[in-house]
Amino acid sequence: TNLINNQNFQQTYLKVQEFSLKDPKTYVKRVQVGDEEYDLILKSTEYASLIDREINGIHKYLRDLYAPRFPELESLVLTPIEYAKCVLKIQNEQDLNRIDFSGILSSHLIVAVTVAGSSTTGKPLPQSELQKVLQACDVLFKLEEYKNEILKYVESRMQFIAPNLCEIVGSTIAAQLMTSTGGIDELAKIPACNIQIIGSQKKNLLGFSKAMGNLHQGYFGQMEMVKKAPPKFQRQLVRMLSTNCAKAARIDVSKLSPNGCLLYTSDAADDLLCVDLGGRRIIKKKK
């Protein structure tokens, strides 16, 4: 892949590894605009977004390569890493009952893949083609490794870039939203209705109700408050979170509140100097 061999990317990745060794709690002063690390955090979010695109491209290439062997697999296992792990396990094996998919697939999906494998129309791949398949899997795993390490670093520094966004959804979800969109500036341009589905993935429910799939919750579906909310209120809660995230991202871009001290509320604001974005008032958080 072009990204892995890109010199600028490799230099950025080395810096990420270097700064990851530093504990932000020990910093004498807050990382600010213009600092080397501030620029690195922004660049890292952009690269994480590019890595996602590379992963999707390699995933398509891998599916095309492996389709002659097991064409049904791509309609059952939809995520790139799970698909690559299954391919690595199966290769040219004819009896899928011999393969342990636990730790990769859910129990009902294991049954579906095993049954489909027993009646597949696919044929074993020549060794040369199988080698290309294995190389594509290795590239996917390498890209995922890069992405996870960059995401971990960005997550640990989110308070410097998007303090208000972190106040609402936490540093983990904030980092995922930013890396998926290419940075806080790009996230701030996205309407709330689109923010709520960022991170949504296709799921093969295999006959189960679509309500079980949480298809429109995106990254917000990972939050404990959403998981613990009654099912009938979950969609409304996700809409509220995405609306406030849209406001918080715009405030973080404008640097109006660098310490993350704004609270989003539907109550009228008493302060005439308050910021009004999207119709809801924003007031200072009570200490």
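Structure shown above.
Below is a short write-up of the structure. Sequence positions are assigned chain by chain, starting from 1 and proceeding in written order. Reporting in this predicted model follows two pLDDT cut-offs: at least 70 for local features of residues, and 80 or more for side-chain atom pairs to be given and counted; totals over whole chains, interfaces and linings ignore these cut-offs and use all residues. Hydrogen atoms and water are omitted, and side-chain values are computed over all heavy atoms in the structure.

Moving on to the overall build of the chain. Under the DSSP-based scheme used, a helix requires at least four consecutive residues in state H or I and a strand at least two consecutive residues in state E, with every element numbered from the N terminus. Per the secondary structure count, the chain includes 12 helices and three strands. Taken across its 287 residues, the chain has 43% of its residues classed as buried. Two residues qualify as a contact provided that any one of their heavy atoms is within 4.5 Å of a heavy atom in the partner residue. Sequence-distant contacts in the chain: of pairs separated by 6 or more residues, those separated by 24 or more amount to 61%. Only the protein chains shown count as cover for residues, and all accessible areas are computed by the Shrake-Rupley method using a 1.4 Å probe. Of the roughly 15800 Å² of accessible surface on the chain, 52% is carried by carbon and sulfur atoms. Residue burial is assigned from relative accessible area. The probe radius is 1.4 Å, only protein chains are included, and a residue is buried under 20% of its type maximum, exposed over 50%, and partly exposed in between.

A few words on the nonpolar core. In this text, buried Ala, Val, Leu, Ile, Met, Phe, Trp, Tyr and Cys residues form a nonpolar core when linked through side-chain atoms within 4.5 Å. One finds Leu-73, Val-169, Leu-187 and Phe-220 to be the most contacted residues of the largest nonpolar core, which totals 80 residues. In this structure Leu-187 touches Leu-165, Leu-177, Met-178, Thr-181, Ile-195, Ile-198 and Ala-249, once residues within four positions along its chain are discounted.

Once that is clear, we can look at the packing of helix H1 (residues 7–20) against helix H2 (residues 36–66). As a rule, the C-alpha atoms of each element are fitted with a line to give its axis, helices using only the stretch in contact, and angles between N-to-C directions run from 0 to 180 degrees. Running from amino to carboxyl end, H1 crosses H2 at an angle of 120°, the nearest separation of the two axes being 10 Å. Compared by their axis directions, H1 and H2 come out oblique. Here the hand of the crossing between H1 and H2 comes out left-handed. Packed against H1, whose contacting residues are Asn-8, Phe-9, Thr-12, Lys-15, Val-16 and Phe-19, the element H2 presents Glu-36, Glu-37, Leu-40, Lys-43, Ser-44, Tyr-47 and Ile-51 at the interface. An angle counts as roughly parallel when it lies under 35 degrees, as roughly antiparallel when it exceeds 145, as roughly perpendicular when it falls between 65 and 115, and as oblique in every other case. Throughout, a crossing is termed right-handed when the near helix is turned clockwise from the far one, and left-handed when it is turned anticlockwise from it by less than a right angle.

The next point concerns the packing of aromatic side chains. Between the rings of Phe, Tyr and Trp (Trp by its six-membered ring), a pair exists once the centres lie within 6.5 Å; its type follows the angle of the planes, with under 30 degrees stacked, over 60 edge-to-face, and the other angles tilted. Overall, the coordinates contain four aromatic pairs when judged by the stated rule. Each ring, one from Phe-9 and one from Tyr-47, has its centre 5.2 Å from the other, and the planes form 70°; the classification is edge-to-face. Taken together, the residues Phe-9 in helix H1 and Tyr-47 in helix H2 connect sequence positions 38 residues apart. Each member of the pair, Phe-9 as well as Tyr-47, carries the same accessibility label: buried. Here Tyr-13 and Tyr-146 contribute two aromatic rings whose centre-to-centre distance is 4.5 Å and whose plane-to-plane angle is 90°, an arrangement assigned as edge-to-face. In this pair, Tyr-13 is assigned in helix H1 and Tyr-146 in helix H6 (residues 127–156), connecting sequence segments 133 residues apart. The buried category is assigned to Tyr-13, whose relative accessible area is 7%.

This part covers the side chain of Asp-252. With respect to the helices, strands and loops of the structure, Asp-252 is situated in helix H12 (residues 231–254). At 2.7 Å, the side chain of Asp-252 and the side chain of Asn-164 are in polar contact. Those residues in contact with Asp-252 that sit more than four places away from it in its chain are Ile-161, Ala-162, Pro-163, Asn-164, Leu-165 and Ile-184. Polar contacts, as used here, are pairs of N or O atoms within 3.5 Å; protein pairs need one atom able to donate a hydrogen and one able to accept it. Residues neighboring in sequence count only if both atoms are side-chain atoms.

Salt bridges are counted wherever a side-chain nitrogen of Lys or Arg sits within 4 Å of a carboxyl oxygen of Asp or Glu. Evaluation of the coordinates by the stated rule reveals nine salt bridges. A salt bridge links Arg-98 to Glu-93, with the nearest nitrogen and oxygen atoms 3.7 Å apart. What makes Arg-98 exposed here is its relative accessible area of 65%. By relative accessible area, which is 26% here, Glu-93 ends up partly exposed. Connected through shared salt-bridge partners, Glu-93, Asp-95 and Arg-98 make up one network.

A helix is expected to span 1.5 Å for every residue after the first. The end-to-end C-alpha distance of helix H5 (residues 107–118), which contains 12 residues, comes to 17 Å, matching closely the 16 Å that a straight helix rising 1.5 Å per residue would cover. Listing the buried residues of H5 in full gives Leu-109, Ala-112, Val-113, Thr-114, Ala-116 and Gly-117. On its buried face, H5 is in contact with helix H3 (73–76).

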